[in-house]
Amino acid sequence: MTTLQQILPGVAISQQETPLRRANRVLKPARTPAGAVVAFTLAAGLGLTAAEVVSALLGKPLGLVPVDEVIELAGRHSWWDLAYAALMVAIAGAGLLLLAAMPGRSRLVPVETRDPLIVIGVTRVGLRRTLRAVAQQVDGVERATVRLRRRTIEVTVMTGPESSGAMLRQVGTAVGDRLAGVGALCTGEVVVRLRRRGL
């Protein structure tokens with residue numbers, strides 16, 4: 001029971017958060033580098049402008065910002081002349097806000113844990129390597145590649161001309177067992193594709 005439910009007994013959470021949803025929410029990276037660059041640029045530009053304005057009001061302009069050139073440029077143009085530039089700046093600002101609001105794409109695949117307060121992830125590259133190694137251990141498989149799609153895990157195996165459907169089922173079972181052993185919270189099904197050598 002949450003603190004809110006303890007304070008307000010009539011309030012109930014309509015839908016319990018699943019481990020997969022919680023892990024996906026926690027493991028998505030924030031856009032910290034982009035936000036830091038934008039914040040630093042804005043802080044430096046606005047701080048410099050404020051210092052120039054205050055020093056000009058005190059009668060001793062710093063000369064760091066070319067105020068005279070900006071005033072001259074503004075005097076030569078009307079608002080309508082600068083509408084296109086203003087529109088581009090507004091679109092860039094809206095894009096930056098949208099970029100900051102939306103989290104980045106996670107490079108980790110969530111792993112099931114017994115403790116609901118712990119969230120663990122395995123790298124996508126590491127999971128692909130593990131699944132590829134398991135697929136290559138099946139008799140008759142010469143080489144395998146693994147792709148983690150949004151809704152499927154695609155395993156492509158390279159075999160000789162004597163391959164059969166039973167071998168594909170063995171690859172699918174081996175990959176599925178390894179996924180279950182790792183505890184990866186993948187929602188997709190395992191799809192095994194066959195490629196014969198020399199075709």
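Below is a summary of the structure that appears in this document. Not measured: the values here are computed from a predicted model.

### Overview of the overall build of the chain
Line of reasoning, step 1. Counting its regular elements, the chain contains seven helices and five strands.
Line of reasoning, step 2. Listing every helix and strand of the chain by position from the N terminus yields α-α-α-α-α-β-β-α-β-β-α-β.
Line of reasoning, step 3. Sorting the 199 residues of the chain into buried and exposed places 19% on the buried side.
Line of reasoning, step 4. In the chain, the proportion of contacts linking residues at least 24 apart, taken out of those at least 6 apart, comes to 54%.
Line of reasoning, step 5. Accessible surface, the chain as shown: approximately 14,800 Å² in total, 61% of it carbon and sulfur.

### What to know about the packing of helix α6 (residues 124-136) against helix α7 (residues 165-182)
Packed helix pairs are specified by the crossing angle of their axes together with the interaxial distance, meaning the distance between the axes.
Line of reasoning, step 1. Following both chains from N to C, one finds α6 and α7 inclined at 140°, their axes separated by 9 Å at the closest point. Comparing their axes, α7 and α6 come out oblique. Crossing of α6 over α7 shows right-handed handedness. Mapping the contact onto sequence places Leu 127, Thr 130, Leu 131, Val 134 and Ala 135 in α6 and Val 171, Ala 174, Val 175, Arg 178 and Leu 179 in α7.
Line of reasoning, step 2. For the contact of α6 with α7, a count of residues per class yields eight nonpolar, one polar and one charged.

### Description of the pattern of salt bridges
Line of reasoning, step 1. Scanning the entire structure with this criterion turns up two salt bridges.
Line of reasoning, step 2. Put simply, Glu 154 and Arg 149 hold a salt bridge, and the shortest N to O gap is 3.7 Å.
Line of reasoning, step 3. The buried category is assigned to Glu 154, whose relative accessible area is 12%.
Line of reasoning, step 4. The residue Glu 154 makes a salt bridge to Arg 193 at a minimum N-O spacing of 3.6 Å. Here Arg 193 lies in strand β5 (residues 189-196) and Glu 154 lies in strand β4 (residues 152-159), a separation of 39 residues in the sequence.
Line of reasoning, step 5. Among the residues examined, Arg 193 registers a relative accessible area of 43% and is labelled partly exposed.
Line of reasoning, step 6. Connected through salt bridges with shared partners, the residues Arg 149, Glu 154 and Arg 193 form a single ionic network.

### Considering the environment of Ala 133
Line of reasoning, step 1. Examined against the element boundaries, Ala 133 turns out to sit in helix α6.
Line of reasoning, step 2. A sequence separation of 42 residues divides Ala 133 from Val 175, and the C-alpha atoms of the two residues are 9.3 Å apart.

### Some details on the nonpolar core
Line of reasoning, step 1. Judged by nonpolar contacts, the single largest core of 17 residues is most densely connected at Leu 131, Val 155 and Val 171.
Line of reasoning, step 2. Elements supplying a minimum of two residues to this core: α6, β3 (141-148), β4 and α7.
Line of reasoning, step 3. With near-sequence residues (within four places) excluded, Val 155 lies in contact with Ala 135, Thr 145, Val 146, Val 171, Val 175, Val 190, Val 191, Val 192 and Arg 193.

### Quick look at the pairing of β3
Line of reasoning, step 1. Pairing geometry for β3 and β4, over seven bridges, is antiparallel. Opposite Val 146, over in β4, you have Val 155 as the bridge partner.
Line of reasoning, step 2. The hairpin turn running from β3 into β4, its antiparallel successor, is three residues long.

### Points about a positive patch on the surface
Line of reasoning, step 1. There is a patch of like positive charges on the surface, built from Lys 28, Arg 105, Arg 107, Arg 150 and Arg 151.
Line of reasoning, step 2. For Arg 107, the position within the fold is in the loop between α5 (83-101) and β1 (108-111).

### Things to note about a nonpolar patch on the surface
Line of reasoning, step 1. Taken together, the side chains of Tyr 84, Leu 87, Met 88 and Ile 91 define a hydrophobic patch exposed on the protein surface, amounting to about 430 Å² of accessible area.
Line of reasoning, step 2. As for its position among the elements, Tyr 84 is in helix α5.
Line of reasoning, step 3. Taking the relative accessible area as the measure of exposure, Tyr 84 reaches 59% and is therefore exposed.

How each quantity is defined
- Residues numbered from 1 in each chain as written.
- Predicted model: local features only at pLDDT ≥ 70, side-chain atom pairs only at ≥ 80, totals over all residues.
- Heavy atoms only, no water.
- Helix = DSSP H or I, 4+ residues; strand = E, 2+ residues; numbered from the N terminus.
- Buried < 20%, exposed > 50% of the residue type's maximum accessible area, 1.4 Å probe, protein only.
- Contact = heavy atoms within 4.5 Å.
- Areas by Shrake-Rupley, 256 points an atom, 1.4 Å probe, with all protein chains shown as cover.
- Axes fitted to C-alpha atoms, helices over the stretch in contact; angles between N-to-C directions.
- Parallel < 35°, antiparallel > 145°, perpendicular 65-115°, else oblique.
- Left-handed = near helix turned anticlockwise from the far one by under 90°.
- Nonpolar A, V, L, I, M, F, W, Y, C, P; charged D, E, K, R; others polar.
- Salt bridge = Lys/Arg side-chain N within 4 Å of Asp/Glu carboxyl O.
- Core = buried A, V, L, I, M, F, W, Y, C linked by side-chain atoms within 4.5 Å.
- Pairing = 2+ DSSP bridges.
- Patch = residues over 30% accessible without salt bridge, like charges linked within 9 Å, V, L, I, M, F, W, Y side chains within 5 Å.
- Lys, Arg positive; Asp, Glu negative; His and termini not counted.
- Charge placed at Lys NZ, Arg CZ, Asp CG, Glu CD.

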